[in-house]
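# Report on the structure
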Amino acid sequence: MPIAVPVKITPSTDLLRCADRPAGLPEDPALVAQIPTRARAGIIRLARAFGANADQLDRLVEFVSPGACHPTPSASSPKD
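Residues numbered from 1 in each chain as written. Predicted model: local features only at pLDDT ≥ 70, side-chain atom pairs only at ≥ 80, totals over all residues. Heavy atoms only, no water.

## Quick notes on the state of the cysteines
Note the threshold: Cysteine sulfur atoms that come within 2.5 Å of each other are treated as a disulfide pair. Per the convention used, a helix needs a DSSP run of H or I reaching at least four residues, while a strand needs a run of E reaching at least two, with both numbered from the N terminus. Burial classes follow relative accessibility: with a 1.4 Å probe on protein chains only, a residue under 20% of its type's maximum area counts as buried, one over 50% as exposed, and anything between as partly exposed.
One pass over the full model with this rule turns up 1 disulfide. Here Cys 18 pairs with Cys 69 through a disulfide, and the sulfurs are 1.9 Å apart. In this structure, the disulfide formed by Cys 18 and Cys 69 twists by about -100° around the S-S bond and is classed as left-handed. A residue pair is termed long-range when its members are at least 10 positions apart, and Cys 18 in the segment before helix H1 (29-34) and Cys 69 in the loop between helix H2 (37-64) and helix H3 (73-76) qualify at 51 residues. Judged by its relative accessible area of 15%, Cys 69 falls in the buried class.

Structure representation (structure tokens):
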């Protein structure tokens, strides 16, 4: 009869980095008005896809190393 043995494989550290979320476009209404509507729609689609992928990466990192991307309040700041 085969025996199942749980094996924990820890990914390398370069795979356990939380997503980098760079600053977006400037929020200047005059600048946004100059972006053609179809191009603006494409930028919005790309930003939403990037955000979804970044969230998925953070969830995966959190699954392997809880608290790595979003530390709990008690762990990040001591209580008085």
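Moving on from the coordinates now.
## Some remarks on the side chain of Asp 58
Condition: Identification of polar contacts relies on pairs of N or O atoms within 3.5 Å, with a donor-acceptor requirement for protein atoms, meaning one able to donate a hydrogen and the other able to accept it, and with residues adjacent in sequence counted only if both atoms are side-chain atoms. Should any heavy atoms of two residues lie within 4.5 Å, those residues are counted as being in contact.
Looking at the element boundaries, Asp 58 is found in helix H2. Looking at Asp 58, its side chain comes within polar contact range of the side chain of Arg 21, at 2.7 Å. Apart from residues no more than four positions distant in its own chain, Asp 58 is found in contact with Cys 18, Ala 19, Arg 21, Cys 69 and His 70.

## Notes on the pattern of salt bridges
As a reminder, the rule being used: In what follows, salt bridge is the name for a side-chain nitrogen of Lys or Arg lying within 4 Å of a carboxyl oxygen of Asp or Glu.
Applying the stated criterion to the full structure yields 2 salt bridges. A salt bridge links Arg 21 to Asp 55; its shortest N-O distance comes to 2.7 Å. Of the two residues, Arg 21 sits in the segment before H1 while Asp 55 sits in helix H2, which places them 34 residues apart along the sequence. The exposure class of Arg 21 is partly exposed, given its relative accessible area of 39%. Put simply, Arg 21 and Asp 58 hold a salt bridge, and the shortest N to O gap is 2.7 Å. Placement of the pair is Arg 21 in the segment before H1 and Asp 58 in helix H2, with a sequence separation of 37 residues.

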